[in-house]
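An overview of the molecular structure
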Amino acid sequence: MKEGKICGLSIQEAKGIPAAEQEQLYLAAGKGICGDRHYGETDLQVCLLEQECRTWMDEQEIKGLCFSRFRENIRTAGISLSGLTKGDCLRAGEAVLEITQAGKECFSGCPRAEEGQECRLREACCFARVLKGGSLALGDSVFPAGSNEDQGRYVRQLGLPGFGLEGQEKLKKARVLVIGAGGLGCPAVTALAEAGVGAIGIADGDCVEDSNLNRQFLYGPEDIGKPKAECAARWVRSFRPDCQVKAYSCVFGREELEREVPGYDFILSCVDSIETRALVNEICTAAKIPFADGAIDGMYGSVQAVFSEEDPCLSCVNPGKAAPKRESVSFGPVTMVIGTLEAHLALKYLSGAKKLRGGLYSFDGESMTLEEIPAAKNPKCAMCNKK
């Protein structure tokens with residue numbers, strides 16, 4: 001079902017008086033349209049009608065019994081209401097409506113019904129209750145927004161500019177592999193699951209340790225000694241039963257990466273090994289799979305995203321694969337910032353909300369700044385030029 005527009009709004013304050021055209025309506029959750037006579041009803045709080053049907057009704061010589069009495073609150077253009085069924089949801093402006101009745105039943109004694117004539121009103125209108133309140137103005141978009149259950153999860157992000165139902169559907173079809181289920185992987189997995197990504201792979205060969213619990217919030221003391229990938233996958237299954245989640249409780253080397261990476265749409269590298277990060281860079285670059293890489297040390301962190309062949313890869317930025325001279329220290333809030341930023345870049349890319357270019361970003365937890373670091377593609381990069 002395509003996205004449509006609101007082309008007419010009206011309120012009927014009391015039965016028997018003409019409906020008043022409006023430029024904007026205000027809807028209250030569970031109540032209806034403020035000022036309308038059906039405000040506070042259970043199931044018939046809002047009435048929607050296709051503009052084409054209203055035009056057709058006005059042109060008919062033989063009027064239906066309810067033609068003169070029917071008063072819609074919202075007229076739509078560019079979207080068919082006939083395919084809706086009870087329980088479906090529509091996003092209209094800031095509001096979300098749950099369909100409680102699809103179409104209108106005919107009155108006995110209606111001249112059109114008695115003569116067996118067509119009546120488009122039977123299918124081109126619907127009644128709804130307000131699931132989420134907000135304002136609605138002429139020209140606002142209206143589009144299907146999944147089930148009531150979906151609305152409870154995603155209604156707040158559907159209204160993002162350039163996102164909407166199309167972006168949500170793209171996330172639902174997306175497959176993301178998170179390599180590393182530690183300090184970066186925990187917030188990354190959480191953000192992906194919360195946003196509605198349809199399939200998530202989680203790869204980590206380690207088991208939960210006591211020292212992980214200052215930052216790896218998908219685990220508790222009862223998980224110590226258990227495989228991280230399995231524990232993280234268990235959380236996703238509990239939080240999002242509809243999500244296809246796969247746990248890889250093994251170290252991901254070249255063989256595993258070459259086998260699994262092509263089956264995903266985006267890769268998140270959330271590891272602390274420079275060798276593994278370089279290998280992820282190599283495999284993803286060769287397979288032309290977009291990915292993001294994160295790294296932290298104390299109050300500082302960085303994220304690099306590689307969306308296409310035009311972006312500098314990790315080897316362009318760090319050709320010598322220089323490893324840190326000491327083991328990094330980990331502060332929970334910083335790992336959450338960096339892991340979430342990795343997921344943020346993946347979600348923006350996968351939803352198509354905005355055309356993105358890859359880049360390198362540095363987070364300073366001391367000064368509380370996020371800075372884009374100039375990074376250019378190296379024409380002599382051995383990895384990018386590898387055949």
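Everything below is about the structure printed above this text.
Here the residue numbering is sequential within each chain, running from 1 through the sequence in written order. At least 70 in pLDDT is required for a residue's local features to be given in this predicted model, at least 80 for side-chain atom pairs to be given and counted, and no such filter applies to totals for whole chains, interfaces and linings, which use all residues. Note: side-chain values were computed over all heavy atoms of the structure, leaving out hydrogens and water.

1. With respect to helix H8 (residues 274–287)
Strands here mean DSSP runs of E at least two residues long; helices mean DSSP runs of H or I at least four residues long; both are numbered from the N terminus. Every helix has an expected span of 1.5 Å times one less than the residues it contains. Taking 1.5 Å as the rise per residue, H8 with 14 residues should run 20 Å; its terminal C-alpha atoms sit 20 Å apart, in good agreement. For every residue, the accessible area (1.4 Å probe, protein chains only) is compared with the maximum for its type, and the residue is labelled buried under 20%, exposed over 50%, or partly exposed between those bounds. With 10 of 14 residues buried, H8 lies mostly within the body of the structure. For H8, the complete set of buried residues consists of Ile274, Thr276, Arg277, Ala278, Leu279, Val280, Asn281, Glu282, Ile283 and Cys284. Contacts are assigned to residue pairs that have any heavy atoms within 4.5 Å of one another. Residues of H8 that are buried in the fold lie against strand S12 (175–179), helix H7 (254–260), strand S15 (266–269), strand S16 (291–297) and helix H9 (314–317). Once H8 ends, the next one or two residues include Lys288, with phi positive near 60 degrees.

2. What to know about helix H4 (residues 164–173)
Buried within H4 we find Gly164, Gly167, Gln168 and Leu171. Buried residues in H4, looked at end-on, bunch into an arc of 100 degrees, giving them a common side. Seen from the open side of H4, the exposed residues pointing more than 90 degrees away from its buried face are Glu166, Lys172 and Lys173. Relevant arc is that of directions from the helix axis to the C-beta atoms, nothing else.

3. Considerations on unusual backbone geometry
Even without being glycine, Lys288 reaches a positive phi, approximately 60 degrees. Its place among the elements puts Lys288 in the loop between H8 and S16. Unlike most non-glycine residues, Met368 shows phi in positive territory, near 60 degrees. Assignment of secondary structure puts Met368 in the loop between strand S18 (359–364) and strand S19 (369–373). Judged by its relative accessible area of 61%, Met368 falls in the exposed class.

4. Observations concerning the packing of helix H5 (residues 185–195) against helix H6 (residues 228–239)
A pair of packed helices can be characterised by two numbers: the angle between their axes and the separation between those axes. Lines are fitted to the C-alpha atoms to define the axes, a helix being fitted only along its stretch in contact, and any angle between axes, read from their N-to-C directions, falls within 0 to 180 degrees. Contact geometry of H5 with H6 gives a least axis separation of 11 Å together with a crossing angle of 20 degrees. Regarding the angle of H5 to H6, the classification is roughly parallel. As for how H5 packs across H6, the hand of that crossing is right-handed. Of H6, the residues touching H5 (which contributes Val189, Thr190, Ala193 and Glu194) are Trp235, Val236 and Phe239. Under this grouping Gly is polar, as are all residues other than the nonpolar Ala, Val, Leu, Ile, Met, Phe, Trp, Tyr, Cys and Pro and the charged Asp, Glu, Lys and Arg. Classifying every residue of the contact of H5 with H6 gives 5 nonpolar, 1 polar and 1 charged. Note on terminology: angles under 35 degrees are roughly parallel, angles over 145 are roughly antiparallel, angles of 65 to 115 are roughly perpendicular, and the others are oblique. A clockwise turn of the near helix away from the far one marks a right-handed crossing, whereas an anticlockwise turn of less than a right angle marks a left-handed crossing.

5. A word on the environment of Ala95
Inspection of the secondary structure assignment puts Ala95 in strand S8 (residues 95–102). Overall, Ala95 belongs to the buried group, its relative accessible area being 0%. Distance from Ala95 to Ser135, taken between C-alpha atoms, is 6.6 Å for residues 40 residues apart in sequence. What Ala95 contacts, discounting residues up to four positions off in sequence, is Leu27, Leu90, Lys132, Gly133, Gly134 and Ser135.

6. Some words on the sheet that holds strand S13 (residues 199–203)
When DSSP locates at least two bridges between a pair of strands, those strands are taken to pair. Pairing is mixed in the open sheet, where 8 strands are placed in the order S14-S13-S12-S15-S16-S17-S18-S19. Each end of this open sheet is capped by a strand with a single partner; those strands are strand S14 (244–248) and S19. Ignoring which end each strand starts from, the neighbouring axes of this sheet average 15 degrees apart. Here S15 pairs with S16 via 3 bridges, running parallel. Considered in S16, the bridge of Ile267 is made with Phe291. Across the sheet, H6 is in contact with S13 and S14; its angle to S14 comes to roughly 170 degrees.

7. What to know about the sheet that holds strand S4 (residues 32–33)
In space, the 3 strands of this open sheet follow the order S4-S3-S10, with antiparallel pairing throughout. Of all the strands in the sheet, the pair left with one neighbour each is S4 and strand S10 (134–137). With 4 bridges joining them, strand S3 (residues 24–28) and S10 adopt antiparallel strand pairing. From the neighbouring strand, Leu25 faces S10, where its bridge partner is Leu136.

8. Things to note about the pattern of salt bridges
Salt bridges are counted wherever a side-chain nitrogen of Lys or Arg sits within 4 Å of a carboxyl oxygen of Asp or Glu. Scanning the model with the defined rule gives 15 salt bridges in all. Of the charged contacts, one joins Glu72 and Arg75 as a salt bridge, the two residues approaching to 3.4 Å between their closest N and O atoms. For the pair Glu72 and Arg75, one class covers both residues: buried. Counted as one network, the salt bridges with shared partners bring together Glu21, Arg54, Asp58, Glu72 and Arg75.

9. Thoughts on a negative patch on the surface
Patches draw on residues past 30% relative accessible area with no salt bridge. Two like charges within 9 Å are joined, as are two nonpolar side chains (Val, Leu, Ile, Met, Phe, Trp, Tyr) within 5 Å. Accessibility throughout is a Shrake-Rupley quantity obtained with a 1.4 Å probe, and a residue counts as covered only by protein chains that appear here. Counted as positive: Lys and Arg. Counted as negative: Asp and Glu. His and the chain ends are not counted at all. Taken as the charge centre is NZ of Lys, CZ of Arg, CG of Asp or CD of Glu, depending on the residue. A surface patch of negative charge is lined by Asp206, Glu209, Asp210, Asp272 and Glu327. With respect to the element layout, Asp206 can be found in the loop between S13 and H6.

10. Regarding the state of the cysteines
Our working definition of a disulfide is a cysteine sulfur pair at a distance within 2.5 Å. Evaluated as defined, the whole model comprises 0 disulfides. Free of any disulfide, Cys313 has its nearest neighbouring cysteine sulfur in Cys384, separated by 3.5 Å. Assessed through its relative accessible area of 1%, Cys313 is described here as buried. Free cysteine Cys316: the closest other cysteine sulfur is in Cys384, separated by 3.6 Å. Judged by relative accessible area, Cys316 falls into the buried class, the value being 10%.

Everything listed is a geometric property; what it means functionally is a separate question.
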